[in-house]
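So you can see what is in the structure, the chains are spelled out below.
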Amino acid sequence: MDGPDVGWYLIVAAILFGIGALGVMLRRSPLIVLLSLEIMLNAANLTLIAFARQHGDLDGQIFALAVMAVAAAEVAIGLGLIVAMARRRMLLDVDQASALRG
Amino acid sequence: MGNFLVWVIWFLAAGACLGTGVAVVSMTNPFYSALSLIGNLASLAVLFLLLSAEFVAAAQVLVYAGAVMVMFLFVVAYLGGRADAPWAGGPPLLRAAAVVAAAALLVEVVVVLGLAWGDDLTDPSDVSDSFGSPAEVGEVFLTDHLLAFEITSIVLLVAAIGGVVLGTTREKEEETA
């Protein structure tokens, strides 16, 4: 394999996951929390694909594709929730949205 | 020479990946955050290509950077000024705890990587040129992982129904809104 070893990709994925986790915990806008979640999912995808390359096994890439499908579903639901919150004139702040009242 | 070029591309892609990641988390305007995430996804696609995952890289750009992010930008546009997300708010202790927790996660992963370095993470296995091509991925998907493939379609269907249900306004809501 030309270029860096798989370990270097894993380090990038680890840092990316840390950045995403920081965003999820630090930011209060549901939109930015969703975007940070995407970063975390993608960091996990990078790890899966790096190990797929390391072991020469396509199963990791299949898993990454499944993660992408689940991420698309998650974004659809998350954005639907945010639009529903905005329509009810709720404050767009994840700390304020703590009641499950319908 | 070819090896050197791969390292250069790797450094550019990894740097862009981390830089845009930080931008996503630190922007106060969600529009710029979403744009940074598109850059993040594109540079990740380059890393996927270097790992000979061609089909996943293409799907990443088409599905993620294309479809999902367009949906995101539509919602940001719909919300308008309300979507702005200033940093203010939240007890300082909570923010400090978030930083500590994220740093702890990062340290854990790096320590695990350091322990595994040398045994497992060098000498990648030899793969053929068609590794990760649409044909090979499709074959594995439709033979070994057929159940996962079908369940994925159900997950997407349920998400689509959920999105429609969440997006539908009831008349009572319209009156109060």
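A. Summary view of the interface of chain B and chain A. At the interface, 86 residues of chain B touch 73 residues of chain A. Summing both partners gives a buried area of about 7,100 Å² for chain B against chain A, and 77% of it is carried by carbon and sulfur. Considering only the surface of chain B that becomes buried against chain A, B:Leu51, B:Phe72 and B:Arg82 emerge as the three largest contributors, covering 10% of it. Scanning the region where chain B abuts chain A turns up zero salt bridges. Scanning the region where chain B abuts chain A turns up eight residue pairs in polar contact (both at pLDDT 80 or more). Listing elements by their share of the side of chain B that touches chain A, those giving two or more residues are helix H1 (2–26), helix H2 (30–50), helix H3 (54–79), helix H4 (92–116), helix H5 (134–143) and helix H6 (146–167) of chain B. When residues in the side of chain B that touches chain A are grouped by element, the largest group, 14 residues, is from H3(B). Residues belonging to the side of chain B that touches chain A are distributed by class as follows: 59 nonpolar, 20 polar and seven charged.

B. Here's a closer look at the packing of aromatic side chains. With the rule as written, the count across this model stands at eight aromatic pairs over all chains. Relative to B:Trp7, the ring of A:Trp8 lies with its centre 6.3 Å away and its plane at 70°, an arrangement referred to as edge-to-face. Of this pair, A:Trp8 sits in helix H1 (residues 6–26) while B:Trp7 sits in helix H1, each in a different chain. Given the relative accessible area of 36%, A:Trp8 is considered partly exposed.

The rules behind these values
Residues numbered from 1 in each chain as written. Chains lettered and ligands numbered in written order. Predicted model: local features only at pLDDT ≥ 70, side-chain atom pairs only at ≥ 80, totals over all residues. Heavy atoms only, no water. Contact = heavy atoms within 4.5 Å. Buried area = accessible area lost by both parts, 1.4 Å probe. Salt bridge = Lys/Arg side-chain N within 4 Å of Asp/Glu carboxyl O. Polar contact = N/O pair within 3.5 Å; in protein donor to acceptor, adjacent residues only side chain to side chain. Helix = DSSP H or I, 4+ residues; strand = E, 2+ residues; numbered from the N terminus. Nonpolar A, V, L, I, M, F, W, Y, C, P; charged D, E, K, R; others polar. Phe/Tyr/Trp six-rings, centres within 6.5 Å; stacked < 30°, edge-to-face > 60°. Buried < 20%, exposed > 50% of the residue type's maximum accessible area, 1.4 Å probe, protein only.

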